[in-house]
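Examination of the molecular architecture
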Amino acid sequence: MSKSAVKKIQAIRGMNDLLPSDSPRWQFFEAKVRQLMLRYGFNEIRTPIVEQTALFARSIGEVTDIVEKEMYTFDDRNSESLTLRPEGTASCVRAAMEHGLLYNQTQRLWYQGPMFRYERPQKGRYRQFHQIGIEAFGFDGPDIDAEVILLSARLWQELGLMEHVTLELNSLGSSEARAAYRDTLVAYFEQHLDVLDEDSKRRLTSNPLRILDSKNPAMAEMLDAAPQLMDHLDTESREHFEQLTAMLEAAGIAYVINPRLVRGLDYYCRTVFEWTTTALGSQGTVCAGGRYDGLVEQLGGKPTPAVGFAMGIERLILLLETLELIPEDALGGCDVYLLPMDDSATTAAISLAERLRSELPELRVQLHCGGGSFKSRIKKADKSHASMAILLGEDEITQQSATVKFLRDDREQQSVPQTALGRTLRELLTANA
RNA sequence: GUGGGUGUAGCUCAGUGGUAGAGCCCCGGAUUGUGACUCCGGUGGUCGUGGGUUCAAGUCCCAUCAUCCACCCCA
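Residues numbered from 1 in each chain as written. Chains lettered and ligands numbered in written order. Predicted model: local features only at pLDDT ≥ 70, side-chain atom pairs only at ≥ 80, totals over all residues. Heavy atoms only, no water.

Attention shifts here to the domain arrangement of chain A. Domain annotation of chain A identifies domain 1 (23-174 + 234-322) and domain 2 (333-427). Summarising the inter-unit geometry, the C-alpha centres of domain 1 and domain 2 are found 48 Å apart. (Domains from an automatic or database assignment.)

What follows deals with helix 7 (residues 198-206). Restricting attention to buried positions, one finds in helix 7 the residues S200, R203 and L204. What you see down the axis of helix 7 is that its buried residues fit within an arc of 125 degrees, all on one side. Of the exposed residues in helix 7, the ones pointing more than 90 degrees away from its buried face are E198 and T205. For helix 7, the elements touching its buried residues are helix 6 (175-190). (Buried < 20%, exposed > 50% of the residue type's maximum accessible area, 1.4 Å probe, protein only. Helix = DSSP H or I, 4+ residues; strand = E, 2+ residues; numbered from the N terminus. Arc of directions from axis to C-beta. Contact = heavy atoms within 4.5 Å.)

On the UniProt side, "domain: Aminoacyl-transfer RNA synthetases class-II family profile" (unreviewed entry) is annotated at positions that read residues 26-340 here. Spanning residues 26-340, this segment combines 37% helix with 22% strand, and its end C-alpha atoms are found 33 Å apart. (UniProt positions renumbered as here; feature names shortened; annotations may be inferred.)

The next point concerns the pairing of strand 6 (residues 128-137). Counting buried positions along strand 6 yields nine of ten residues, so the element is predominantly enclosed. Where strand 5 (residues 107-116) lies against strand 6, ten bridges are found, and the strand directions are antiparallel. Opposite F116, over in strand 6, you have Q128 as the bridge partner. Sheet topology places strand 6 next to strand 11 (residues 306-312); seven bridges connect them, and they run antiparallel. Bridge assignment links F137 to a residue of strand 11, and that residue is A306. (Pairing = 2+ DSSP bridges.)

For the pair helix 1 (residues 23-40) and helix 5 (residues 142-159), interaxial distance at closest approach is 11 Å and the crossing angle is 140 degrees. Considered as vectors, helix 1 and helix 5 are oriented oblique to each other. The chirality of how helix 1 crosses helix 5 is right-handed. Contacts from F28, F29, K32, V33, L36, M37, R39 and Y40 of helix 1 reach helix 5 at E147, L150, L151, R154, L155, E158 and L159. Of the residues belonging to the contact of helix 1 with helix 5, the class tally is ten nonpolar, no polar and five charged. (Axes fitted to C-alpha atoms, helices over the stretch in contact; angles between N-to-C directions. Parallel < 35°, antiparallel > 145°, perpendicular 65-115°, else oblique. Left-handed = near helix turned anticlockwise from the far one by under 90°. Nonpolar A, V, L, I, M, F, W, Y, C, P; charged D, E, K, R; others polar.)

With that settled, consider a nonpolar patch on the surface. Among the surface-exposed residues, I49, V50 and F74 lie close enough to one another that they form a single nonpolar patch of about 210 Å² accessible area. Tracing the sequence through the fold places I49 in the loop between strand 1 (43-44) and strand 2 (50-52). I49 gets classed as partly exposed once you look at its relative accessible area, which sits at 33%. (Patch = residues over 30% accessible without salt bridge, like charges linked within 9 Å, V, L, I, M, F, W, Y side chains within 5 Å. Areas by Shrake-Rupley, 256 points an atom, 1.4 Å probe, with all protein chains shown as cover. Salt bridge = Lys/Arg side-chain N within 4 Å of Asp/Glu carboxyl O.)

What follows is the structure in structure tokens.
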């Protein structure tokens, strides 16, 4: 049997390996988010990535593209239909209800993890992708909407993204108002069937609000003249929206009202928003969310107002990379590279490395392994991005010392007693930082 | 699901139907205990996969897979 008969196994289409060269960027971003959640009083919840299929069908909407053709659905061994989660909100609501987190109390939750949708991959869109989301339950006023948006705004500020993203806002109104508007809109479109393209005709029955979002220039004029959602809001939703915009203005957050902004998932009502960028090609939405006051009840719980958002980690990392906003020092590496000068010094080098790690827990020490000539060892020290190499040879061992060599500065190397090495390194590194 | 582009060394890519290439990376040496700059040498390919045309295919044709971009949809 030749090797050619063995079929090459590779990653599933649209599902990416995150390589060691990438992971520091992710860690940089995730650390910022984690810290922010703490500061705003949101608590992390972790749910399984597999749920009963019915959960998503009931929450996202039976006739949405996600449920109709994008879910990874399969039968468990007991013939129960399971689905890899395509988004995070449904699982979050299920878990919160299941454990009584919504019983006579409010909750501010966040989550993070992989989501799965069977779509054609392209820039910023993958079959396994990652989201970070927050969900606040039990608050019906615009204050929590503002809080949720302000949290996202602060994240962009801290990452240096603020000038590169735009906040788009809209209100869908109560579910009743939304239903009434839907009828008005369908009636309008039916008068202009000759202008509607194929996709839009299909959506006329499934999701007419989405037609407003179409990029087809041939329909632009007709869409501009279409009845506006804003003119069909119920009084309560209008007041809610006005208060929200006033709060955002007071907080100094710029926004644009986009009357055509309609979220794709059925459960949204009232406030909806998106943060978009023009720097990522056609996948410009970097964070999106809104209110879903009816969802908890729809899934069998007591009526509970709720608001949240989800952001796409891949898209945000892509954006940070494009704009070169990830600081060099966040990109990993080590502080010191400790190398035995030949094989006879290996054992002594191991104990010295362990000693340093005990003395300075925050110090990143890479020990040279794998032998090689002295020259190749010191080359590897250079490649490690460490600022210093610690050399240990025959002379050092007899003197119980170590040689500290500066790899990045033009500076004489120095011999340091092993007992003083930890202290010396601490001083050198803090002086550098 | 639709349309277009691209698949040649680990990476970035040349390659006119006639013996498989470069740069970078990696390894060794020039220097017995000092990296980066320089010089010398070396490892590494069923040219995405499977068919077809041809005396001869990396090159032409067909299919297929992967990838990228856009539509659709969405984070």
